[in-house]
Amino acid sequence: MNWHPSGKSSHSLTLRGIAGVLALMATAVWSRADEVVLSNGDKLTGKIGTVSGDVMKFTSPALGDISIKLANVKSYSTDAPATLETKGRQFTTGTIKQADAMQVTTTDGKTLLYGELRQINPPLVAWTGSVVANGTLNRGNSNNEGLGISANAMLRRDTPENDDRFTLGGAYNFQRTGRGSAAFDTTDNLAASVKYDDFFTEKFYGYADAGYYHDRIAALNYRLTPGVGIGYQWFERKDFHFNTEAGVSYLYQNYRGAPVEQNTAYRLAYHVDKALNDKVLVFHDVEYIAPFRFGQSNRYVLSADLGIRANLTKSFFTEAKVIYQRNDHPVPGTLKDDLSYLLGVGWQF
């Protein structure tokens with residue numbers, strides 16, 4: 001081992017030198033971080049994510065991923081270019097020199113009022129969705145078993161090239177009651193849907209969709225409902241979505257032991273979901289389809305749901321949902337209304 005006049009080894013000096021270089025590098029990276037100054041004077045350094053509505057997504061080395069209300073932000077700035085999208089879907093890129101809840105100024109001197117912006121740093125395009133499973137099993141005086149599974153996925157693209165949305169959905173539910181040869185099925189239905197929305201403006205969009213529904217207990221071999229129409233996105237925020245739709249559908253119904261029904265129909269629908277906090281979400285959907293033909297307005301079909309979802313972890317949740325189905329002109333021997341209560345657990349991505 002080599003010794004210096006100071007009595008310290010060369011290895012020790014080398015290690016200290018490396019540590020010093022690493023410390024300088026960390027300091028340089030830290031000094032280049034985005035900065036948020038809160039109304040109370042506190043400063044946060046890290047990475048500014050999507051800024052939309054009145055909420056900023058922020059990643060801090062110490063705090064992790066957090067959401068900050070702009071009402072609590074005095075100012076913020078970025079150390080690298082950010083993507084700014086106006087409500088007219090014009091995109092610009094620039095490093096934010098000074099911004100608050102009123103306006104944003106970039107280092108190249110451009111100033112935009114916050115009311116003109118739709119969002120800053122739009123989220124990365126990725127599929128989101130969930131899978132939910134529910135089941136029942138009783139043995140004894142009550143003897144039944146049931147299984148249900150549903151899944152949905154959505155791709156929302158909001159880029160300079162595309163402003164559209166793909167939605168896929170499906171569900172299957174089955175229940176049987178009784179013992180041995182006396183057992184009988186009480187539920188057996190399958191649903192699937194596909195939908196594409198193309199946004200003309202920030203709020204208006206056109207859609208094309210197709211739905212499939214089968215219910216063996218209700219004697220429905222299958223129902224097909226392809227259609228097109230227009231929609232209006234009243235709210236599209238991280239914590240609140242609400243849209244309404246109107247269009248034309250082709251209503252094709254094939255019932256067991258009955259003639260096939262084919263009608264051109266009109267479709268009305270809406271969807272709403274609201275996050276009550278960072279763990280609880282409520283949602284509601286309605287779809288109404290009725291023939292255009294005079295005198296057949298009583299042949300409409302209606303589907304609706306109402307539910308609440310509570311997060312258990314970042315990826316897993318529990319869900320309670322009520323599903324209502326109505327065929328106002330059923331075949332003989334079947335009822336107009338079906339009502340289901342489902343309680344399940346799910347995984348979201």
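This report concerns the structure included in the present document. (Residues numbered from 1 in each chain as written. Predicted model: local features only at pLDDT ≥ 70, side-chain atom pairs only at ≥ 80, totals over all residues. Heavy atoms only, no water.)

### Some thoughts on the packing of aromatic side chains
Okay, step 1: Per the stated rule, a full pass over the model turns up 13 aromatic pairs.
Okay, step 2: Taking 6.4 Å as the distance between ring centres and 70° as the angle between the ring planes, the aromatic pair formed by Phe242 and Tyr270 counts as edge-to-face. One end of the pair, Phe242, is in strand E18 (residues 240–255); the other, Tyr270, is in strand E19 (residues 261–275), with 28 residues separating them in the sequence.
Okay, step 3: The class for Phe242 is partly exposed, based on a relative accessible area of 23%. (Phe/Tyr/Trp six-rings, centres within 6.5 Å; stacked < 30°, edge-to-face > 60°. Helix = DSSP H or I, 4+ residues; strand = E, 2+ residues; numbered from the N terminus. Buried < 20%, exposed > 50% of the residue type's maximum accessible area, 1.4 Å probe, protein only.)

### Some remarks on the pairing of strand E16 (residues 220–224)
Okay, step 1: In the sheet, strand E15 (residues 204–215) pairs with E16 via 3 bridges, with the strands oriented antiparallel. The partner of Tyr213 across the bridge, within E16, is Arg223.
Okay, step 2: Connecting E15 to the antiparallel partner E16 that follows it, the hairpin turn spans 4 residues, and Ala219 within it adopts a positive phi of roughly 65°. (Pairing = 2+ DSSP bridges.)

### Some points on the nonpolar core
In summary, soluble globular proteins display a tendency toward joint burial of nonpolar side chains.
Okay, step 1: Val36, Val51, Met56, Tyr76, Val104 and Ile120 are the most contacted members of the largest nonpolar core, which has 20 residues in total.
Okay, step 2: At 3 residues, the largest contribution of residues to this core is made by strand E2 (residues 43–52).
Okay, step 3: Once residues within four sequence positions are removed from consideration, Ile120 is found in contact with Gly49, Thr50, Val51, Tyr76, Ala82, Thr83, Leu84, Ile96 and Val104.
Okay, step 4: Core analysis: the second largest hydrophobic core is formed by 5 residues, Ala219, Leu220, Tyr255 and Val331 among them. (Core = buried A, V, L, I, M, F, W, Y, C linked by side-chain atoms within 4.5 Å. Contact = heavy atoms within 4.5 Å.)

### Thoughts on the pairing of strand E12 (residues 144–158)
Okay, step 1: Examined bridge by bridge, strand E11 (residues 127–138) and E12 share 12 bridges and lie antiparallel to one another. Considered in E12, the bridge of Thr136 is made with Gly146.
Okay, step 2: Linking two consecutive strands that pair antiparallel, namely E11 and E12, is a turn of 5 residues; a positive phi of about 130° is found at Gly140 within it.

### A short note on the pattern of salt bridges
Okay, step 1: Inspection of every chain in the model, using the stated rule, returns 27 salt bridges.
Okay, step 2: One salt bridge connects Arg118 with Asp163, and the closest N-O pair in it is separated by 4.0 Å. Of this pair, Arg118 sits in strand E10 (residues 117–120) while Asp163 sits in strand E13 (residues 163–177), placing them 45 residues apart in sequence.
Okay, step 3: Residue Asp163 is classed as buried on the basis of its relative accessible area, which comes to 6%. (Salt bridge = Lys/Arg side-chain N within 4 Å of Asp/Glu carboxyl O.)

### Some thoughts on the side chain of Asp328
Okay, step 1: Position of Asp328 among the secondary structure elements: in the loop between strand E22 (316–327) and strand E23 (337–348).
Okay, step 2: A relative accessible area of 11% places Asp328 in the buried class.
Okay, step 3: Among the polar contacts listed, one links the side chain of Asp328 to the side chain of Arg326, at a separation of 2.6 Å. (Polar contact = N/O pair within 3.5 Å; in protein donor to acceptor, adjacent residues only side chain to side chain.)

### Describing the side chain of Lys321
Okay, step 1: Counting through the fold element by element, Lys321 comes out in strand E22.
Okay, step 2: Lacking a salt bridge, the buried Lys321 has Glu319 as its closest oppositely charged neighbour, with an N-O distance of 4.0 Å.
Okay, step 3: Ignoring sequence-local partners within four residues, the contact set of Lys321 consists of Ser150, Phe283, Asp305, Leu306, Gly307, Ser340, Tyr341 and Leu342. (Lys, Arg positive; Asp, Glu negative; His and termini not counted.)

### Remarks on a nonpolar patch on the surface
Okay, step 1: A surface patch of nonpolar side chains, amounting to about 980 Å² of accessible area, comprises Trp127, Val131, Ile149, Leu168, Tyr172, Leu190, Val194, Leu312, Phe316, Trp347 and Phe349.
Okay, step 2: Broken down by secondary-structure element, the contributors of at least two residues to the nonpolar patch are E11, E13 and strand E14 (184–199).
Okay, step 3: Mapped onto the elements, Leu312 comes out in the loop between strand E21 (301–311) and E22. (Patch = residues over 30% accessible without salt bridge, like charges linked within 9 Å, V, L, I, M, F, W, Y side chains within 5 Å. Areas by Shrake-Rupley, 256 points an atom, 1.4 Å probe, with all protein chains shown as cover.)

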